[in-house]
Amino acid sequence: MTTLIIGAGGAGNVCTKKCESMPEVFGKVHLASRTLSKCEKIQSECENPITISQIDADDTQAVIELINQVDAKIVINLALPYQDLTIMEACLATKVPYLDTANYEPKDEAKFCYKWQWDYQDRFVSEGVQALLGSGFDPGVTNVFCAYAQKHYFDEIHTIDIVDCNDGDHGHPFATNFNPEINIREVTQKGKYWEEGEWKEIEPMSISQDIDFPEVGIRKGYLLYHEELESLVENIKGLKKIRFWMTFSDAYITHLNVLQNVGMTRIDSVKFQGQDIVPLQFLKALLPEPSSLGENYEGKTCIGCIFRGVKDGQKKKIMIYNICQHQDCYNEVEAQAVSYTTGVPAMIGAKMILENKWTGSGVFNMEQYDPDPFMEDLNKYGLPWKVIEC
Ligand code: NDP
């Protein structure tokens, strides 16, 4: 059997190397992406042989042919959110399980939401196919932390604050830790959180607060809208409020403001010397590839969830979090921690499916499954976590 991974960027590099190191679970590994040379580089760094090919994953028919050609038993989508639906279509047509790490967004509109993918529920159920959405860190591990807190620590969770701190330094004046186009679209859109049954929208980056990150210290976090909020409000019972916070350095924010002010983050096309170009895509071409940042990256990430709620009639507050060191990731798989914290959970999600620990037909978010086997594997495969009472 073959595990098919699509996307040879930062996360694809990590996931491929983790999967090929466990042939007893993943069988053969095939890596396909838009630029063959990126697959070749990863192939040359793998310990076990893998096969590779070039693919345009916007083309459903091409993905169907590739799935059949390599006899894939699972497709791990680590291309971009734009490709989610074409790859889901191909998985439906071939009846092969599907997994991704980011929800669909259309290229011409900076809007991400689960509706497009949740709309596939009936078709996946009737074809008997499984789709696991958002198996990265956030979304992904954060959803599993919520399911774990719900199962083991609370009768009712009332508030969740998902907190994401990258306290590392890559040495560039401005670079994004995952795909620049997707990252900049995410942080420049309006913020949003959910309270007492209602979504509340705010201007981009207009709410911030100091957050005490364990093993890091106090850092300023900005309230952003993040996709896991959408599924968690559906699946965590008794929830009254959920928010997502991310830290940014002052240099990042200054660069972003300038780029926005001069129009470089626009996603509509403009004429330049007789050609149509999209400024954000042009900017992406100028910025460092996220997969290239690892070598000189120092410091660590701290990502986790702070829960408040009730257990046995008593108020309770806990935090579940992971610390990941950039240099450790580079030494293991030539990656920085943001690629690592995305690629490892993608591997574990696929492992849950292939080992029949997470089963069923339909479209699933991570918190809908038993968190225990996934949490065990996080400890085994490089992303250990801690629970603290606070
Ligand atoms: P990269 O930009 O490093 O990698 C994306 C890869 O997908 C590139 O190799 C790119 O090819 C390839 N690709 C793009 N379009 C196509 C296409 N049409 N057909 C085939 N391949 C294509 O991004 P990352 O690795 O940083 O991110 C990968 C995914 O992970 C993204 O969806 C991102 O949003 C998600 N993510 C999720 C996180 C989480 O915690 N849940 C955190 C970080 C990222 P090329 O090299 O030619 O450009």
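Draft legend 1. Expanded view of the overall build of the protein. Helices and strands together make up the secondary structure of the protein, namely 15 helices and 18 strands. For a compact globule of 390 residues, the expected C-alpha radius of gyration is about 21 Å, and the protein comes in at 20 Å, within 12% of that figure. Taken along the three principal axes of its C-alpha coordinates, the protein extends 55 × 55 × 40 Å. Residues classed as buried in the protein amount to 49% of the 390 residues present. Across the protein, the fraction of contacts at a sequence separation of at least 24, relative to all contacts at a separation of at least 6, is 71%.

Draft legend 2. Molecular detail of unusual backbone geometry. A cis amide bond links D138 with the next residue in sequence, P139, at an omega value of 10°. Phi is positive for M205, which is not a glycine, with a value near 55°. In this fold, M205 is placed in the loop between β9 (198-202) and β10 (208-213). A residue is classified by how many C-beta atoms lie within 10 Å of it, and M205, with 18 of them, is partly exposed.

Draft legend 3. Broad picture of the environment of K190. Within the secondary structure, K190 is located in the loop between α9 (180-188) and β8 (191-195). Take K190: there are 13 C-beta atoms within 10 Å of it, and that puts it in the partly exposed class. As a C-alpha pair, K190 and P81 span 109 residues in sequence and 19 Å in three-dimensional space. The residues touching K190, leaving out its near neighbours within four places in the chain, are E201, I202, E203, P204 and Y225.

Draft legend 4. Inspection of the site of the ligand at higher detail. Neighbouring the ligand are 35 residues; G9, A57, G136, F178 and N179 lie closest to it. Along the lines of polarity and charge, the residues of the shell around the ligand split into 16 nonpolar, 14 polar and 5 charged.

Draft legend 5. Region of interest: the sheet that holds strand β4 (residues 72-77). Strands sit in the order β3-β2-β1-β4-β5-β6-β17 across an open sheet of 7 strands; the sheet is parallel. For this open sheet the edge positions go to β3 (51-54) and β17 (362-365), each flanked by a neighbour on one side alone. Pairs of neighbouring strands in the sheet enclose a mean axial angle of 20°, with direction left out of account. Relative to β4, helix α14 (residues 337-354) is tilted by about 155°, and along the sheet it contacts β1 (2-6), β4, β5 (98-100) and β6 (130-133).

Reading the values: the criteria
Residues numbered from 1 in each chain as written. Predicted model: local features only at pLDDT ≥ 70, side-chain atom pairs only at ≥ 80, totals over all residues. Helix = DSSP H or I, 4+ residues; strand = E, 2+ residues; numbered from the N terminus. Rg over C-alpha atoms; globule rule 2.2 N^0.38 Å. Buried ≥ 20, exposed ≤ 12 C-beta atoms within 10 Å, placed from the backbone. Contact = placed C-beta atoms within 7 Å. Near = placed C-beta within 6 Å. Nonpolar A, V, L, I, M, F, W, Y, C, P; charged D, E, K, R; others polar. Pairing = 2+ DSSP bridges. Axes fitted to C-alpha atoms, helices over the stretch in contact; angles between N-to-C directions.

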